[in-house]
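# A structural walkthrough
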Amino acid sequence: MLRHEFQPGRLVAGCVLALAGVVYAGDATGAWDTPWFLVIPLVVGGLCLAGAVGLLGWAVRRRQSRRQPG
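Predicted model, so just to flag it, every value in this text is computed and none were measured.

### Examining the overall build of the protein
Each helix and strand in the protein was counted, giving two helices and zero strands. Its C-alpha radius of gyration of 17 Å places the protein more than 25% over the 11 Å reference for a compact globule of 70 residues. Viewed in the frame of its principal axes, the protein has a C-alpha envelope of about 60 × 25 × 10 Å. Taken across its 70 residues, the protein has 17% of its residues classed as buried.

Below is the structure:
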């Protein structure tokens with residue numbers, strides 16, 4: 001049995017923010033040159049995507065709970 005319910009929106013948000021951290025770390029170590037304005041759309045777009053995925057997951061869980069009797 002699961003300890004908690006699966007929340008895909010938080011998974012997406014975590015992956016996007018980890019990716020932003022990797023981009024900054026690569027720039028800090030000199031592996032590549034990242035423009036300062038690249039991470040802003042990455043984070044904002046990722047959080048919007050995470051919100052949409054979270055809303056979709058909530059709708060699916062709500063629909064499944066309606067079907068179960070009791």
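### Overview of the pattern of salt bridges
Across all of its chains, the model carries one salt bridge by this definition. A salt bridge links E5 to R61; the shortest N-O distance between them is 3.4 Å. In this pair, E5 sits in the segment before helix 1 (8-29) while R61 sits in helix 2 (residues 39-67), placing the two residues 56 residues apart along the sequence.

### Some thoughts on a nonpolar patch on the surface
A cluster of nonpolar side chains, namely W36, F37, I40 and V44, defines an oily patch on the protein surface of about 490 Å² accessible area. Secondary-structure assignment places F37 in the loop between helix 1 and helix 2.

### Quick word on the side chain of T34
Of note, T34 is situated in the loop between helix 1 and helix 2. Judged by relative accessible area, T34 falls into the buried class, the value being 9%. Looking at T34, its side chain comes within polar contact range of the side chain of W32, at 3.0 Å. Residues in contact with T34, not counting those within four places in the same chain, are V23 and D27.

### Observations concerning helix 2
Here helix 2 contains 29 residues, and its C-alpha end-to-end distance of 42 Å stays within 8% of the 42 Å for a straight helix at 1.5 Å per residue. Buried within helix 2 are the following residues: V39, G46, A50 and G57. Of the surrounding secondary structure, the elements contacted by the buried residues of helix 2 are helix 1.

### Some points on the state of the cysteines
Per the counting criterion, the structure on display carries zero disulfides. Sulfur of C15: no disulfide; nearest cysteine sulfur belongs to C48 and is 17 Å away. Among the residues examined, C15 registers a relative accessible area of 48% and is labelled partly exposed. Of the residues examined, C48 reaches a relative accessible area of 52% and is grouped as exposed.

Reading guide: rules and limits
- Residues numbered from 1 in each chain as written.
- Predicted model: local features only at pLDDT ≥ 70, side-chain atom pairs only at ≥ 80, totals over all residues.
- Heavy atoms only, no water.
- Helix = DSSP H or I, 4+ residues; strand = E, 2+ residues; numbered from the N terminus.
- Rg over C-alpha atoms; globule rule 2.2 N^0.38 Å.
- Buried < 20%, exposed > 50% of the residue type's maximum accessible area, 1.4 Å probe, protein only.
- Salt bridge = Lys/Arg side-chain N within 4 Å of Asp/Glu carboxyl O.
- Patch = residues over 30% accessible without salt bridge, like charges linked within 9 Å, V, L, I, M, F, W, Y side chains within 5 Å.
- Areas by Shrake-Rupley, 256 points an atom, 1.4 Å probe, with all protein chains shown as cover.
- Polar contact = N/O pair within 3.5 Å; in protein donor to acceptor, adjacent residues only side chain to side chain.
- Contact = heavy atoms within 4.5 Å.
- Expected span 1.5 Å × (residues − 1).
- Disulfide = S-S within 2.5 Å.

Any functional reading would require information that these geometric values do not contain.
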